[in-house]
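Given next are the chains, with one letter for each unit.
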Amino acid sequence: MDSIRISQDWLDNLSRYVTDLENDGYDAAEENVRFFHEQMVDKARTTSGWEHLADEIEVWSQDGQLWVGLRNKAYVSEAWLIEYGDQENAPNSLFRTLQSQVGLTNENASASAIARYGAGRVT
Amino acid sequence: MTIRPLIAPPDIHQHVGFMLAEDEALKSYLTGIQVPGQRPEDPPIDVGVWFRWPTGERQIKYPFITIDSITAEPAYELFHSNHWEPIVDTDGSTLYRPSFAPELPEPSMGWGAGDYQVLNFLPFRLVYQVNVYSRYNLHDRYLRSIFATDVFPQRPWWIGVDADNTWRRTEQIGYAATDSSETNESGTKRIFRKVYSIQMLAEVPQQRLADAEFYRVFKVFISAYDRERLEHFFDIAHEGKDVPTPAVLP
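Per chain, the residues get numbers from 1 upward, laid out in the order the sequence is written. Naming scheme: in the order in which they are written, chains are lettered from A and ligands are numbered from 1. Local features are withheld for residues below a pLDDT of 70 in this predicted model, meaning they are given only at 70 or higher, and side-chain atom pairs are given and counted only at 80 or more; totals for whole chains, interfaces and linings count all residues. Values reported for side chains reflect all heavy atoms of the structure, with hydrogen atoms and water molecules removed beforehand.

### Notes on the pattern of salt bridges
Phase 1: By definition here, a salt bridge exists when the distance from a side-chain nitrogen of Lys or Arg to a carboxyl oxygen of Asp or Glu is within 4 Å. Under the counting rule described, the total for this entry stands at 13 salt bridges over all chains.
Phase 2: The shortest N-O distance in the salt bridge between Asp42 of chain A and Arg45 of chain A comes to 3.8 Å. Here the residue Asp42 of chain A and the residue Arg45 of chain A both occupy positions in helix α1 (residues 8–45), the gap between them amounting to three residues, near one helical turn.
Phase 3: Salt bridges sharing partners connect three or more residues here, namely Asp140, Arg141, Asp179 and Lys194 of chain B. Numbering of helices and strands runs from the N terminus; a helix is a DSSP stretch of H or I covering at least four residues, while a strand is a stretch of E covering at least two.

Here is the structure:
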């Protein structure tokens, strides 16, 4: 029976390469989360009613999902009132108007992926 | 306004113009909903529609609907980079145009020498909050039911705009229940409030935006006929190389 011998060095190099890719992926994900958080806080600072809550906005991971919002329960009911308004107060939406920020984050993620892994194949 | 004359201000009396036409279309779309009376023999009750909370001099009659305009933002990710585009490109291809008209008369300078051009329509995203108020539990459930199935179906739908006989793609982007209670001289009463967030896509013709020669885009159309040319662009945009003079371009 024929056999192929693979050197230990080659396997070590492959393993190192895969680990680097994995670490790169984690770094890229963290960078994008940071980018989105900055975008959102910036928007909160310039959205009427949200200025004083901007620094309370957090990003966290829970149950395998990424969450963006206010974790401090002391601010939740106030944030709810600002977001949806009531009879007396018109709504000043922040969380429902993040399309531009999500779009910018997507663009940032694409640019970051191209910088890390190249532009991909063009055929 | 002293800087320059406005390009296309909306007409508040005719309810036409950017945003006013869409506001009117949404109100018209929601007008005409009825809920059954509390007993089978009672006549159906009309559900009123207001922008924002009804003013103090109106008698508030439940159930009713209010509309809040949340935002009107450019949908930059749907913008593209061409300022003007020929209907037929140099390679004979045409961009998708639902109203493409093959019977257009020959341009004054003749085919090949002259051409028709189409200005961009720049998409904007209008976000509305639609609040549905009820006093009676079964009316709340009835309205919740018909909103989920008929009024705001669980897929994008279209709202007709009478101002220009066009349609606006609309979709529901959120729902929240913010029930509360109201205390007055006759005691405490429940108020059921259901909040729907919807977004409507509208387009503004490029020539109606001031200084529309320049606007922000996320994606750029590049005439890349071959891989070499695309790599040229990549070198310039991502690697920081100098822009070659047109004569050097392949």
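Additional details are given in the paragraphs that follow.
### Examining the pairing of strand β9 (residues 166–177) of chain B
All names here are of chain B.
Phase 1: Where strand β8 (residues 157–161) and β9 come together, five bridges link them in antiparallel fashion. Note on β9: the bridge partner recorded for Val161 is Thr166.
Phase 2: Counting the residues that bridge the hairpin from β8 to β9 gives four residues, and of these Asn165 lies at a positive phi of roughly 50 degrees.
Phase 3: Criterion used throughout: strands pair if DSSP finds at least two bridges between them. Direction of pairing for β9 relative to strand β11 (residues 187–205): antiparallel, over a ladder of seven bridges. In the strand pairing of β11, Ala177 is matched with Lys194.

### So, the interface of chain B and chain A
Phase 1: Should any heavy atoms of two residues lie within 4.5 Å, those residues are counted as being in contact. Taken together, the 26 residues of chain B in the interface contact 22 residues of chain A.
Phase 2: Counting across the interface, chain B meets chain A through one salt bridge.
Phase 3: Between Glu73 of chain B and Lys43 of chain A there is a salt bridge; the shortest N-O distance is 3.3 Å.
Phase 4: What qualifies as a polar contact is a pair of N or O atoms within 3.5 Å, subject to a donor-acceptor requirement within protein and to the restriction that residues adjacent in sequence count only when both atoms come from side chains. Our enumeration of links across chain B and chain A arrives at nine residue pairs in polar contact (both at pLDDT 80 or more).
Phase 5: Residue assignment for the side of chain B that touches chain A shows that the elements contributing at least two residues are β4 (64–74), β7 (121–134), β9, β11 and α3 (227–239) of chain B.
Phase 6: Taken together, the residues of the side of chain B that touches chain A sort by class into 13 nonpolar, five polar and eight charged. In the scheme used here, Gly and all other residues not listed as nonpolar or charged are polar, with Ala, Val, Leu, Ile, Met, Phe, Trp, Tyr, Cys and Pro taken as nonpolar and Asp, Glu, Lys and Arg as charged.

### Structural notes on the nonpolar core
Phase 1: As used here, the term nonpolar core means buried Ala, Val, Leu, Ile, Met, Phe, Trp, Tyr and Cys residues forming a set that is joined through side-chain atoms within 4.5 Å. Residue burial is assigned from relative accessible area. The probe radius is 1.4 Å, only protein chains are included, and a residue is buried under 20% of its type maximum, exposed over 50%, and partly exposed in between. Core analysis: the biggest nonpolar cluster contains 26 residues, and Leu26, Leu30, Ile65, Val130, Phe147 and Phe152 of chain B have the highest contact counts within it.
Phase 2: Once residues within four sequence positions are removed from consideration, Leu26 of chain B is found in contact with Ile67, Tyr128, Val130, Ile159, Ile198 and Met200 of chain B.
Phase 3: In this structure, Met40, Ala44, Trp50 and Ala54 of chain A belong to the second largest nonpolar core, which totals 13 residues.

### Some words on the side chain of Arg125 of chain B
Phase 1: By the secondary structure assignment, Arg125 of chain B is in strand β7.
Phase 2: Since its relative accessible area comes to 10%, Arg125 of chain B is described here as buried.
Phase 3: A distance of 3.4 Å separates the side chain of Arg125 of chain B from the side chain of Gln199 of chain B, its partner in a polar contact.
Phase 4: Apart from the residues within four sequence positions on either side, Arg125 of chain B is in contact with Gln99 of chain A together with Thr71, Ala72, Glu73, Ala75, Glu77, Gln199, Met200 and Leu201 of chain B.

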